[in-house]
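Take a look at the letters that make up each chain.
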Amino acid sequence: MLAFEIITPFTVLLCFLGVFIGIIMGAIPGMTATMAIAIFLPLTYVLEMVDSIGLLIGLYVGGISGGLVPAILLNIPGTPSSLCTTFDGYPMTQKGEGEKALKVGITASIIGGFFSLTVLYLFAPFLASVAIDFTSVDKFLIIVFALTIIASISKGSLIGGLFSGVLGIFISLIGRFPDNNEMRLMPPGLEEQLVYGFSLLPVLIGLFAVGQILQEAEEGMKPASHQKLDLKKTEKNKFSLKIFKGQYINTARSSLIGTFVGMLPGVGGSAASITAYSQTKNFSKHPERLGTGEPEGLISSESANNGLIGGALIPLLTLGIPGDSTTAILIGAFLLQGVQVGPLFISSNPDLWSGIVITLVVANIAMFILMFFSIKYFAKIVFIPKYIIFPIIVLMCVVGSYAINSGIMFDVWTLLIFGVLGYIFPKIGVQIPAFLIGFILGMEAEKYFVDSLKGSGGDLTVFFTQGPIAIVLWILILGSLVYAFIDSQKSKKNQAST
Amino acid sequence: MKKMMALVSVGSMGFMLAACGTGDSGGQGEQTSGQEGSSTTIDPNRVRTVIGSSSTGGDTYQTADAATRNLEEVLDTNMQVDAVGADRAFSEMSGAQDDGSTIMYFHDMAYLGVEYGSFSEDYELENWTIGPMVATNPGNAFLTSADAPYDTMAESIEWLEDNPDETVSVALEEGGVSEIVFDGYYLWAEEEYGSEITDRIEVYVTGSQEDKNQALWDGNADIIHGSIGANNEYTEDGVEDDIKMKFLGVTTEERVDGFDIPTFAEQGITVDGEEFVFEKEFFFLLPKDIDESYTTALDNAMAELAEDEEFAEALNKNTYTVNHMPSDEAEEHLMEKRENMQSIIEQAPDLNDLAK
């Protein structure tokens, strides 16, 4: 069947609308692609299946992509998966390269998006059976592999970084242990509020946005150096595809990691960009420059987090198992229409399957068009005086936190508590990125650790004897740690010599 | 001084915004103006339905969505379903006003969770007004790998008897429907075959249906709890061998139309001399002191909806069925059902003793 017979102009219109709304929601700190899809899910009941998928996939692609705007321009990850985008994106903005950074991020996003949808289209059934072969032991080791980035980004203060990461894991475990419904690590009197632990989004934007605003307030809200630049006169802010020269392997590797991590059920999307960034740093010719405003790091993060979209759809459509929290909501859209996703979905619904792939193509193109050509307007955000933009950010953060779980006031208090911690942490040597990576991955690491032990009857050797995948992952983990250690020693020597 | 003022003003702005929501969590912000102080008036403009599941892909959300989308037309109101999870749903109901602007929709776990100790006793059925019964998921089932050496739950016990060195592990969720049906199976096996057999039954405690499926595929569990709606796809011809499943039994009284799956009763599974039957039913819970006129309006609307063929078709798409009972009947039915289950729960083993 031809493409235009499967999707109509109305589908394309809905897809563009979804992308547009998704970008806005992704760009607002505290609002995510997951939230966008959850809001629009009930409305899809009145639409045809392909039209509703067009709208929801548009929201998904837009929501994931929009997160790069505040990450690059304001050092606030719009979504958890854009955490690593701040590492190099914001330093580029500080150097007066904000617009260029945005365009690099958007281009990397569309490359990651197209890479993953190509993999989805060509290899979905095969990869689904590969994903099934990944046991809880393998998933635990993948999370550990992602956690090794803490060692990489803690250069100069390895102990401080590791402490911060462990503290993040510790805080993430507060709440009810799902296997026996017992509360653990619970502050007295907060059992009701913290039954599910601290919500990720308020913690994330509290540490980054509110903490940063308090820091700036302490310093008197002076204009930053990049706010004084005249971008029209600066050549270095110009985007060119030449930036991607020499980044082909980085882009392909990061897109591949994003797609691969995305397709593993239960391993969150944030792990995709964290793992990709970690490996970019390990393979970089100039790892010391990453984190200082290198397009290399930005390309890695953005191609990986858009790569996970196609990846997460693989287990959803071929096994009926969502790959991440967003596709967990997407599954509801299929069920509302009475369509069962699972191992027979593609063979039973060839037109719908083609429709999904086509809407993914449309959504990625829509994302590129809408973002790339309007980015110069977005980029002007950085020139708004701080005394105007900061109250607006605080307001958006409060609204986003309140809305993230359909109106829980404690999420707003979480935002503010972690905002204050975000202000205090750097002063006492706690590294915020390492803390957050520990916080994001802590729960997943525990779940798969416990699942592995339950499966093996408590035998710890299962982590070393599970099979070839585990052995390969151990080699990667050890390699990553050794590399981070050597890099740390090198940088200490360099610091001493200067 | 300027720095200090700026710091204080930014901080205080955030806290003021936070304080605007009042200290109470959830529910309160949803009230529609004009209704305060009028506890006998039903809010006709907006009803927030919190459900005891955080998933939008499960049977609770699906049936709640179908019911509320139709009920709002009959009641001439707006109904919004929020998948907030059991703890939050109960918590919000505890703080909800009596005007019916926040109500809850859930299934048997509402009282089983209290009986098993997973939920606070503050959430027991007596503390709510039980609303009308809406639907049943008749496909409450157990499954195993397609190549397993047994075809029914009863055969799994016979297989254990024939293979004294083997064990069987069952993946289930603590405190829910899957635990009560497992308890029925376990108690029957203990009574019929003795502890020599049941000592070799283990449980793999986990959460979502996806986790249970994965436990089966990983080899961490031999049998999983599931449902026809969620798992039938994996049992059909054409599914690859490494993920193919087969049903071992359903807990309904009669076989489910269109599916060749024996019931527990057919397999001879009994507890306390009675056939073990458990139907997973979905119903509304309302604030304890809600005005009777609200309950009556909801009952009438639900009765009208139960006759609607389109509603039945919407449920049947995912193998759910209409199961309407007005509030008073639903209350009597659930209290009796809970009493029957209490006997099983009292005799049941502690999952901690069976956990792998």
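Predicted model, so just to flag it, every value in this text is computed and none were measured.

Each value, and the rule that gives it
- Residues numbered from 1 in each chain as written.
- Chains lettered and ligands numbered in written order.
- Predicted model: local features only at pLDDT ≥ 70, side-chain atom pairs only at ≥ 80, totals over all residues.
- Heavy atoms only, no water.
- Helix = DSSP H or I, 4+ residues; strand = E, 2+ residues; numbered from the N terminus.
- Buried < 20%, exposed > 50% of the residue type's maximum accessible area, 1.4 Å probe, protein only.
- Areas by Shrake-Rupley, 256 points an atom, 1.4 Å probe, with all protein chains shown as cover.
- Domains from an automatic or database assignment.
- Contact = heavy atoms within 4.5 Å.
- Buried area = accessible area lost by both parts, 1.4 Å probe.
- Salt bridge = Lys/Arg side-chain N within 4 Å of Asp/Glu carboxyl O.
- Polar contact = N/O pair within 3.5 Å; in protein donor to acceptor, adjacent residues only side chain to side chain.
- Nonpolar A, V, L, I, M, F, W, Y, C, P; charged D, E, K, R; others polar.
- Expected span 1.5 Å × (residues − 1).
- Phe/Tyr/Trp six-rings, centres within 6.5 Å; stacked < 30°, edge-to-face > 60°.
- Lys NZ or Arg CZ within 6 Å of the ring centre and 35° of its normal.
- Pairing = 2+ DSSP bridges.
- Axes fitted to C-alpha atoms, helices over the stretch in contact; angles between N-to-C directions.

Visitor: Can you help me understand the overall build of chain B in this one?
Guide: Each helix and strand in chain B was counted, giving 13 helices and 13 strands. A burial count over chain B gives 58% of its 356 residues as buried. When the accessible surface of chain B is split by element, carbon and sulfur atoms take 42% of a total near 14,400 Å².

Visitor: Looking at this structure, I do not really get the domain arrangement of chain B. What am I missing?
Guide: The extent of an interface is frequently quoted as the accessible surface area lost upon association of the parts. Residues and elements named next belong to chain B. Along its sequence, chain B is carved into domain 1 (43–137 + 279–344) and domain 2 (140–278). Computed from C-alpha atoms alone, the centre-to-centre distance between domain 1 and domain 2 is 28 Å. The interface of domain 1 with domain 2 comprises 17 residues on the first partner and 22 residues on the second. Taken as a group, Y116, E279 and I344 account for 43% of the area that domain 1 buries against domain 2, more than any other trio of residues on that side. Counting across the domain 1 and domain 2 interface gives zero salt bridges. For the pair domain 1 and domain 2, the interface holds four residue pairs in polar contact (both at pLDDT 80 or more). Going through the elements one at a time, α4 (109–115) and α12 (327–347) are the ones with two or more residues in the side of domain 1 that touches domain 2. By residue class, the composition of the side of domain 1 that touches domain 2 is six nonpolar, seven polar and four charged.

Visitor: Explain helix α19 (residues 386–404) of chain A here, please?
Guide: Count 3.6 residues to each turn of an α-helix, and residues three or four apart come out pointing the same way. An ideal rise of 1.5 Å per residue puts 27 Å on 19 residues; α19(A) measures up with 26 Å between its terminal C-alpha atoms. Within the sequence span of α19(A), burial applies to A:K386, A:I389, A:F390, A:I393, A:V394, A:C397, A:V398, A:G400, A:S401 and A:I404.

Visitor: Explain the interface of chain B and chain A to me, please; I cannot follow it from the model alone.
Guide: Counting from both sides, the interface comprises 59 residues of chain B and, opposite them, 60 residues of chain A. With both sides pooled, the region where chain B packs onto chain A buries about 4,900 Å², and carbon together with sulfur makes up 57% of that total. Along the contact surface separating chain B from chain A lie two salt bridges. Of the charged contacts in the structure, one is a salt bridge between B:D87 and A:R176, with a shortest N-O distance of 2.5 Å.

Visitor: Which parts of the structure should I look at to understand the packing of aromatic side chains?
Guide: Remark: the centre distance and the inter-plane angle together describe each pair of aromatic rings, the angle taken between the planes. Counted by the stated rule, this structure contains 30 aromatic pairs over all chains. Ring geometry for A:F435 and A:F439: centres 6.5 Å apart, planes at 15°, overall stacked. On the criterion of helical spacing, the pair formed by A:F435 and A:F439 is a turn pair, its members being four residues apart in helix α21 (residues 432–456). The pair formed by A:F435 and A:F439 is uniform in burial state, with each residue classed as buried. By way of ring pairs, the aromatic residues A:F198, A:F410, A:F418, A:F425, A:F435 and A:F439 are connected into one cluster. Above the ring of B:F278, the side-chain terminus of B:K337 is found at 4.5 Å from the ring centroid.

Visitor: Can you walk me through the sheet that holds strand β2 (residues 78–83) of chain B in this structure?
Guide: Two orientations exist for strands paired in a sheet by backbone hydrogen bonds: parallel and antiparallel. Residue and element names in this part refer to chain B. If you walk across this open sheet you meet the six strands as β2-β1-β3-β12-β4-β13, and the pairing is mixed. Each of the sheet's edge strands pairs with one partner strand only, and the pair in question is β2 and β13 (321–325). Strand-to-strand twist across the sheet, computed as the mean angle between neighbouring axes with direction ignored, equals 25°. Across seven bridges, strand β4 (residues 128–137) lies against strand β12 (residues 280–287) in antiparallel orientation. Bridging from a neighbouring strand, W128 pairs with P287 of β12.

Visitor: Hey, could you run me through the pattern of salt bridges in this one?
Guide: Two side chains of opposite charge can pair, provided their charged atoms sit close to one another. What the rule picks out here adds up to 22 salt bridges over all chains. With a shortest N-O distance of 3.4 Å, A:E99 and A:K103 are connected by a salt bridge. In this pair, A:E99 and A:K103 are both assigned in helix α7 (residues 98–133), four residues apart and thus about one turn of the helix distant. The residues A:E99 and A:K103 share a single accessibility class, namely buried. Note that B:D82 and B:R48 form a salt bridge whose closest N and O atoms lie 2.5 Å from each other. Taken together, the positions of B:D82 in strand β2 and B:R48 in strand β1 (residues 46–51) put the pair 34 residues apart, joining distant regions of the chain. Across this residue pair, the class does not change: B:D82 and B:R48 are buried. Several salt bridges converge on common partners, so that one network encompasses A:D179, A:K447, A:D451, A:K454 and B:D211.

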